[in-house]
There are 2 protein chains.
Amino acid sequence: MYGNQNIRKDIGNTALRNHHVTIKDIASSVGVSTATVSLALSGNSRISEETCRKIIMTAKKFGYSPSSAARSLAMNKSGNIALMIPNLDQIFQQSFFALAMNGVYDACLAKSYSLRLEVVSDSFVSSRRFIKLFQERSVDGMLYAGSTSADTYLNQLYELKYPFIFAGSYLNGSNLPFVTGDNKKGGALAVEHLLNSGRRKIAHIYGDFNITSSLDRFNGYRDALEKAGIVFDDSLTAPGGFSEKGGASAMKKLLKQKPDAVFAGNDIMAAGAIREIKRSGLSVPDDISVCGMDDIPLASAMSPALTTVKYDIYGIARRAAEKLIDIIEGRQPEQVKEFLPVELIKRDSC
Amino acid sequence: MYGNQNIRKDIGNTALRNHHVTIKDIASSVGVSTATVSLALSGNSRISEETCRKIIMTAKKFGYSPSSAARSLAMNKSGNIALMIPNLDQIFQQSFFALAMNGVYDACLAKSYSLRLEVVSDSFVSSRRFIKLFQERSVDGMLYAGSTSADTYLNQLYELKYPFIFAGSYLNGSNLPFVTGDNKKGGALAVEHLLNSGRRKIAHIYGDFNITSSLDRFNGYRDALEKAGIVFDDSLTAPGGFSEKGGASAMKKLLKQKPDAVFAGNDIMAAGAIREIKRSGLSVPDDISVCGMDDIPLASAMSPALTTVKYDIYGIARRAAEKLIDIIEGRQPEQVKEFLPVELIKRDSC
DNA sequence: TTGTAAGCGTTATCAA
DNA sequence: TTGATAACGCTTACAA
């Protein structure tokens, strides 16, 4: 009744090349129904050990794996998760996103989800692809690493109750869940450390205020200054666009104000700042202390080794993915809004 | 006959929250069969313009997107492509793979495929996941960026005729198709340039000989030396493991041989080498010329700006993905074995 | 413990 | 130009 003679002949002869072996083939070969095969392979205990063993053996022999499409269709679940990443070429080339991906990937692997990559471009937004992915049931949930303040369209996902979470960022005034690092605290930590080492005129190179983490790091910087009774001076801040070059040119501008320290919004910009300081004939940390943020692998290799605030993006992304899966699987009734701790790493640049 | 009253009522009232609208809903709302809807939405010309317009409008109104699972099942095609990336943490943190991903992503986007990420770990191999993905019909094809010489299991994919291609690497003695850069030529270009500037004692820091591109770059180096009548000296080479630190410690070792130039297997290691040379009190390029390879964005920002061989991994990955899609769609009868050109970028470190 | 059969939401093949 | 209807390959009540 089940199975297809031609198929089975192929299996017998050639190595069943491109023809796909289905549950029917296993069923007919073992002499049971497809239901039994399905149950046995999903480890259902009501199938006799004997039958179970035969089925598993045959499945292995035939190289059978259930069709993911058929499975998704029957179970109404894709088993896929999308990771959204912004389309900022410069940003994308940095280890930050690689680490984020690693974290998400590991979480997916542990929970048997597969990871799909989406780059957020204008067309991604305007074509409402972030909604379509759900409508198509291509993904069960979505993560966004590196969102900007312009991404307000995402609030639709909240209303539609589609599983979504921010990793390492969030959207101001939104109800969407997130797991991120405590950027504000990080900025404060950096400034306090610089103050403690006797510095007073502390400059700041920020990345881009459209990125929430940049803004938070900046706010931490400013608040810590004011808390120490130092008046915030706008001319001591400059944008560095997250890049080494940007950090260097921001530093060039800031040097005119003769600061005795600088807090760079990330380690890459700190590298640029250090380069520019040296170029101008000054020394780090003797003339100017430099503190970065993120603690990328390169930080400890710089000269001088960079003092920085560790931002565990791998851990953040991983936890965000785990929370997302909890949401998908109905295990997360409450809103997830987490700020994971950051930590000062003292090295030689301060 | 078609459709479900409850569903349609929901659509009328609330914003059809989590309930998925299907082709039947569109069909019954417009008053046609599902077949007609399917044909109309796929742009089949034999449907009258009138009907077509109504269907498209209704689909849009209801926010209908075909279920990807149902579609895959019916068409026997997933529309997914997997990008495999090695599990070398250090490597993964470098812009190289981010660029490769970007290239693959863009090609997928252009051809309406979606990109799935797979990290090649021991379990990935031992569980034969690279085969299972095909058996499950989860993916239509697979790309591998950064393969090692240990990845011989992949030859099975050739025998099984599953669409596969290497991007930026290949497997020695394998029939599997690839698109990569001309690494050997790159090594030669670097050495020739150093020779032309009068250097004779040229050291080499290679990444890891298990990576084919490292080996090829090394071979290019050695051949160019011999071609110039210089005897290859093993003590002038050292492994750097692709990292900045590795490059620095390799350089430390090599300095004992008092070379007058060094060709680093990638720009990251070149950065480490430069750091070590400076630390030892020597100058680049006055005492020792340094040439890297890849031309990552950081290369132009180093001091001195790094002379290097441009390896267009974005372009390579993109082209590999395009070729893969050609293979998937039956447009590629011949074996694809391409070495894309490399180019010397002269800056200040030589 | 196992089998039957009804979905799941498409596409594709015929007829009409 | 359209409509029935049979796949596609699985899971899951419900029966036996």
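What you see is a predicted model, and the numbers here were worked out from it, not measured in a lab. (Residues numbered from 1 in each chain as written. Chains lettered and ligands numbered in written order. Predicted model: local features only at pLDDT ≥ 70, side-chain atom pairs only at ≥ 80, totals over all residues. Heavy atoms only, no water.)

## Here we look at the relation of the copies chain A and chain B
Stated precisely, the cut-off is as follows: In superposing the copies, a least-squares fit is computed on C-alpha atoms, taking residues whose pLDDT is at least 70 in both. Two residues qualify as a contact provided that any one of their heavy atoms is within 4.5 Å of a heavy atom in the partner residue.
Overlaying chain A on chain B yields an RMSD of 0.1 Å, the required transformation being a rotation through 180° with an accompanying axial translation of 0.1 Å. Between the two chains, the operation in question is that of a two-fold axis. Residue by residue, 100% of the interface of chain A is reproduced at the interface of chain B, so both copies engage with the same surface.

## A few points about the confidence of the model for chain A
Which entries qualify depends on this criterion: On a scale of 0 to 100, pLDDT captures the predictor's confidence in every residue.
The pLDDT averaged across chain A works out to 90; a share of 93% of its residues lies at or above 70. Every residue in residues 1-17 of chain A scores below 50 in pLDDT, and together they form 22 contacts with partners more than four places removed in sequence or on other chains.

## Topic: the sheet that holds strand β9 (residues 289-294) of chain B
The strands making up a sheet associate through backbone hydrogen bonding, with each pair oriented either parallel or antiparallel. Residues and elements named next belong to chain B. Threshold: For two strands to be treated as a pair, DSSP must find no fewer than two bridges joining them. Strands are runs of DSSP state E lasting at least two residues, helices are runs of H or I lasting at least four, and both sets are numbered from the N terminus onward. Lines fitted to C-alpha atoms define the axes here, with helix axes fitted over just the stretch in contact, and angles between the N-to-C directions of these axes take values from 0 to 180 degrees.
Strand order in the open sheet made by the six strands is β7-β6-β8-β9-β10-β12, with mixed pairing throughout. Each end of this open sheet is capped by a strand with a single partner; those strands are β7 (237-239) and β12 (343-345). Ignoring which end each strand starts from, the neighbouring axes of this sheet average 20° apart. As judged from the four bridges shared by β9 and strand β10 (residues 307-310), these two strands associate in the parallel manner. The partner of D294 across the bridge, within β10, is K310. Across the face of the sheet, helix α14 (residues 267-279) comes into contact with β6 (202-206), β8 (261-264), β9 and β10 while running at roughly 160° to β9.

## Looking at the interface of chain A and chain B
To keep things clear, this is the line we draw: Note on terms: buried area is the combined drop in 1.4 Å-probe accessible area of two parts once they are placed together, counting the loss on both. Within this document, salt bridges are pairs made up of a side-chain nitrogen of Lys or Arg and a carboxyl oxygen of Asp or Glu, the two lying within 4 Å of each other. Think of a polar contact as two N or O atoms within 3.5 Å of one another; within protein, one of them needs to be a possible hydrogen donor and the other a possible acceptor, and neighboring residues in sequence only count if both atoms come from side chains. Gly is placed with the polar residues, together with every amino acid not listed as nonpolar (Ala, Val, Leu, Ile, Met, Phe, Trp, Tyr, Cys and Pro) or charged (Asp, Glu, Lys and Arg).
The interface of chain A with chain B comprises 48 residues on the first partner and 48 residues on the second. Summing the contributions of chain A and of chain B, the shared interface buries around 4500 Å²; its carbon and sulfur component is 54%. For the pair chain A and chain B, the number of links is zero salt bridges. At the junction of chain A and chain B, the tally comes to 14 residue pairs in polar contact (both at pLDDT 80 or more). If you list the elements that add at least two residues to the side of chain A that touches chain B, you get α5 (68-75), α6 (89-92), α7 (95-110), β2 (114-120), α9 (129-135) and α13 (244-255) of chain A. For the side of chain A that touches chain B, the residue count by class is 20 nonpolar, 16 polar and twelve charged. The sheet contact formed by β2(A) and strand β2 (residues 114-120) of chain B spans three bridges and is antiparallel. Bridged to A:L115 within β2(B) is B:L117.

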